[in-house]
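Residue strings, one per chain:
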Amino acid sequence: MPRVVGVDIPNHKRLEFALTYIYGVGTTRSKIVCEELKLDPAMKARDLTEEQITTLATHLSKTYEVEGDLRRSKAAAIARLRDIGCYRGLRHRRGLPVRGQRTRTNARGRKGPKKTVAGKKSVKGMK
């Protein structure tokens with residue numbers, strides 16, 4: 001497996017899709033990178049030469065913010081929101097949806113598994 005910017009990209013996939021395994025590189029950016037470096041997007045990742053791998057890695061790290069740098073900058077932005085105490089920071093701190101989604105239902109991805117609260121008895125139990 002070729003190793004680019006600290007990530008093993010899969011051998012058997014086309015280059016344009018193999019590059020998406022790098023954090024911060026999607027399909028559009030991978031096509032742009034292949035075009036800039038004159039690489040065939042249809043070639044398999046295993047067919048890359050050592051020289052192509054090094055040029056690809058240097059180009060990605062110089063031109064774009066990818067992998068560890070991008071993760072650090074995103075974490076720093078969220079930490080800044082938390083520190084200044086804005087609404088978005090509070091939502092991040094509490095683990096709730098940040099962008100105005102409803103929470104009465106359908107927030108399970110952000111809130112985690114259901115926490116059942118003991119309380120009301122059912123109508124059948126009251127009779």
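Anything mentioned here points back to the structure above.
Residues numbered from 1 in each chain as written. Predicted model: local features only at pLDDT ≥ 70, side-chain atom pairs only at ≥ 80, totals over all residues. Heavy atoms only, no water.

Please clarify how the nonpolar core should be interpreted in this entry.
In this structure, Val4, Ile9, Leu15, Leu19, Ile22, Leu56 and Leu60 are the most contacted members of the largest nonpolar core, which totals 20 residues. When contributions to this core are tallied by element, the ones reaching two or more residues are α1 (15-18), α2 (27-36) and α3 (50-63). In terms of residue count, α3 provides more of this core than any other element does, four residues in total. (Core = buried A, V, L, I, M, F, W, Y, C linked by side-chain atoms within 4.5 Å. Buried < 20%, exposed > 50% of the residue type's maximum accessible area, 1.4 Å probe, protein only. Helix = DSSP H or I, 4+ residues; strand = E, 2+ residues; numbered from the N terminus.)

Looking at this model, I keep getting lost on the pattern of salt bridges. Mind explaining?
Oppositely charged side chains can form a pair if their charged atoms are brought close together. Going through the model one piece at a time under the given rule, you end up with four salt bridges. In this structure, Glu16 and Arg14 form a salt bridge, with 2.4 Å as the shortest nitrogen-oxygen distance. (Salt bridge = Lys/Arg side-chain N within 4 Å of Asp/Glu carboxyl O.)

How should I be thinking about the side chain of Ser30 in this particular structure?
Inspection of the secondary structure puts Ser30 in helix α2. Since its relative accessible area comes to 0%, Ser30 is described here as buried. A distance of 2.7 Å separates a polar side-chain atom of Ser30 from the backbone oxygen of Glu16. Other than its neighbours up to four places away in sequence, Ser30 contacts Glu16, Leu19, Thr20 and Val25. (Polar contact = N/O pair within 3.5 Å; in protein donor to acceptor, adjacent residues only side chain to side chain. Contact = heavy atoms within 4.5 Å.)

Explain α3 here, please?
Residues that lie three or four places apart on an α-helix share one face, since the helix turns once every 3.6 residues. When the terminal C-alpha atoms of α3 are compared, their 20 Å separation across 14 residues agrees well with the 20 Å that a helix rising 1.5 Å per residue should span. Buried residues of α3: Ile53, Leu56, Ala57, His59 and Leu60, and no others. Taken around the axis of α3, the buried residues stretch over an arc of 165 degrees, which confines them to a single face. Turned more than 90 degrees away from the buried face of α3 sit Glu50, Glu51 and Lys62, all of them exposed. Packed against the buried residues of α3 are β1 (3-4) and α2. (Expected span 1.5 Å × (residues − 1). Arc of directions from axis to C-beta.)

It is not clear to me how the packing of aromatic side chains should be interpreted in this structure. Could you clarify?
Describing an aromatic ring pair means giving the distance of the ring centres and the angle of the ring planes. Applying the stated rule across the entire model yields zero aromatic pairs. Taking NZ or CZ as reference, Arg71 lies 4.0 Å from the ring centre of Tyr23, over its face. (Phe/Tyr/Trp six-rings, centres within 6.5 Å; stacked < 30°, edge-to-face > 60°. Lys NZ or Arg CZ within 6 Å of the ring centre and 35° of its normal.)

Please clarify how the side chain of Glu16 should be interpreted in this entry.
Looking at the element boundaries, Glu16 is found in helix α1. Using a relative accessible area of 8% as the deciding quantity, one classes Glu16 as buried. Dropping the residues within four chain positions of it, Glu16 is found in contact with Ser30, Lys31 and Pro41.

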